[in-house]
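# Fold and geometry: a report
Single-letter residue listing:
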Protein chains: 2
Amino acid sequence: MYDKIVQIALLFDFYGQLLTEKQIEIIDMYYNDDLSLSEIAEQQDISRQGVYDTLKRAEKTLFEYEDKLGLVNRFLQQKESLSKINTMLDRTLEIEENDVGLIKDELENIKIYIENLI
Amino acid sequence: MYDKIVQIALLFDFYGQLLTEKQIEIIDMYYNDDLSLSEIAEQQDISRQGVYDTLKRAEKTLFEYEDKLGLVNRFLQQKESLSKINTMLDRTLEIEENDVGLIKDELENIKIYIENLI
């Protein structure tokens, strides 16, 4: 469930502006303000089923955009690469002070890695 | 002109799959295969004006997606950050071999910089 929330939040962050105003409002209330379907129904003056349907349709649309464009996936891969660079830097920082040659070799490796991302 | 081609190519790379099949075909022929409007008109069996209109409408749509989502801009900023990290690494590699303390300080700075991106 947590994974799904994170996933919808990311998709919403990327593609939310392509949804209708009503869909944006309801996704926002449900995922960001953490309101229940009944609470949203009351505030929006529509049925609980109506809220549920709007939510499901909005989620489906967000997943469809990702299927077509894959930009969240591209972004996550970028983040993963940055984490990897970070780990490489950590490893480099642990090298003994007297082995500057090795430190510089590691930095050259990191550079090659970054250049492949640019 | 070159800037515009690069910009459209990037927008097309990000949002192209949201265009119609015909728009995708024509953008592809014009920007990737470098065909003229007349050549595309002939191959598609439509008027030169028709090709022009389709092209302009497709470009407008791509710019509208970017106005709404700003994902190309986000991506370009990411690339710029990676270039900056690369420059920081270059600077670190130029530090004298006997100043390992300074090298490690620089690496800690780079790490902070990366962590802000993750």
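Data block above holds the structure.
Here is a short report on the structure shown in this document.

Rules of the game
- Residues numbered from 1 in each chain as written.
- Chains lettered and ligands numbered in written order.
- Predicted model: local features only at pLDDT ≥ 70, side-chain atom pairs only at ≥ 80, totals over all residues.
- Heavy atoms only, no water.
- Helix = DSSP H or I, 4+ residues; strand = E, 2+ residues; numbered from the N terminus.
- Rg over C-alpha atoms; globule rule 2.2 N^0.38 Å.
- Buried < 20%, exposed > 50% of the residue type's maximum accessible area, 1.4 Å probe, protein only.
- Contact = heavy atoms within 4.5 Å.
- Areas by Shrake-Rupley, 256 points an atom, 1.4 Å probe, with all protein chains shown as cover.
- Lys, Arg positive; Asp, Glu negative; His and termini not counted.
- Charge placed at Lys NZ, Arg CZ, Asp CG, Glu CD.
- Core = buried A, V, L, I, M, F, W, Y, C linked by side-chain atoms within 4.5 Å.
- Buried area = accessible area lost by both parts, 1.4 Å probe.
- Salt bridge = Lys/Arg side-chain N within 4 Å of Asp/Glu carboxyl O.
- Polar contact = N/O pair within 3.5 Å; in protein donor to acceptor, adjacent residues only side chain to side chain.
- Nonpolar A, V, L, I, M, F, W, Y, C, P; charged D, E, K, R; others polar.
- Least-squares fit on C-alpha atoms with pLDDT ≥ 70 in both.
- Phe/Tyr/Trp six-rings, centres within 6.5 Å; stacked < 30°, edge-to-face > 60°.
- Lys NZ or Arg CZ within 6 Å of the ring centre and 35° of its normal.

### Points about the overall build of chain A
Broken down by element type, chain A carries 6 helices and 0 strands. Each helix and strand of chain A, ordered N terminal to C terminal, gives the series α-α-α-α-α-α. Its C-alpha radius of gyration of 22 Å places chain A more than 25% over the 13 Å reference for a compact globule of 118 residues. The principal-axis extent of the C-alpha atoms belonging to chain A is close to 70 × 25 × 20 Å. Here chain A holds 118 residues, and 42% of them are scored as buried. Long-range contacts, defined as pairs at least 24 residues apart, comprise 55% of the intrachain contacts of chain A with a sequence gap of at least 6. Carbon and sulfur atoms make up 46% of the accessible area of chain A, which totals about 6,900 Å². Charge-centre separation for chain A: the mean point of 13 positive side chains lies 7 Å from the mean point of 25 negative side chains.

### A closer look at the nonpolar core
In terms of nonpolar packing, the biggest core is built from 49 residues, with Tyr 15 of chain A together with Tyr 15 of chain B touching the most fellow members. Counting 22 residues, the second largest nonpolar core, distinct from the first, contains Leu 82 of chain A together with Leu 82, Leu 93 and Val 100 of chain B.

### Some details on the interface of chain A and chain B
Interface size is often expressed as the accessible area that is lost when the parts come together. Chain A puts 36 residues into the contact, and the matching count from chain B is 36 residues. Here chain A packs against chain B, burying approximately 3,500 Å² in sum over the two surfaces, 67% of which is carbon and sulfur. Its largest share of buried area at the contact with chain B, chain A owes to Leu 82, Leu 93 and Lys 104 of chain A, together 18% of the area lost on that side. For the pair chain A and chain B, the number of links is 4 salt bridges. In this structure, Arg 74 of chain A and Asp 13 of chain B form a salt bridge, with 3.2 Å as the shortest nitrogen-oxygen distance. If you look at where chain A meets chain B, you find 12 residue pairs in polar contact (both at pLDDT 80 or more). At the level of secondary structure, the elements contributing two or more residues to the side of chain A that touches chain B comprise α1 (2-15), α4 (48-69), α5 (71-93) and α6 (100-117) of chain A. Among the elements that line the side of chain A that touches chain B, the one with the most residues is α5 of chain A, at 13 residues. The residue inventory of the side of chain A that touches chain B, partitioned by class, reads 19 nonpolar, 6 polar and 11 charged.

### Points about the relation of the copies chain A and chain B
Once turned by 180° and shifted 0.1 Å along the axis, chain A lies on chain B with an RMSD of 0.1 Å. Interpreted geometrically, this transformation is the action of a two-fold axis. No C-alpha of chain A approaches the rotation axis more nearly than that of Val 100 of chain A, which lies at 3.4 Å. Comparing interface residues between copies, 100% of those in chain A also sit at the interface in chain B, which points to an isologous, same-surface contact.

### Concerning the packing of aromatic side chains
Using the criterion set out here, one finds 8 aromatic pairs over all chains in the structure. Above the ring of Phe 14 of chain A, the side-chain terminus of Arg 74 of chain B is found at 4.4 Å from the ring centroid. In this arrangement the basic side chain of Arg 74 of chain B is found over the ring face of Phe 75 of chain A, its NZ or CZ atom lying 5.6 Å from the centre.

Keep in mind that these numbers describe shape and distance, not what the molecule does.
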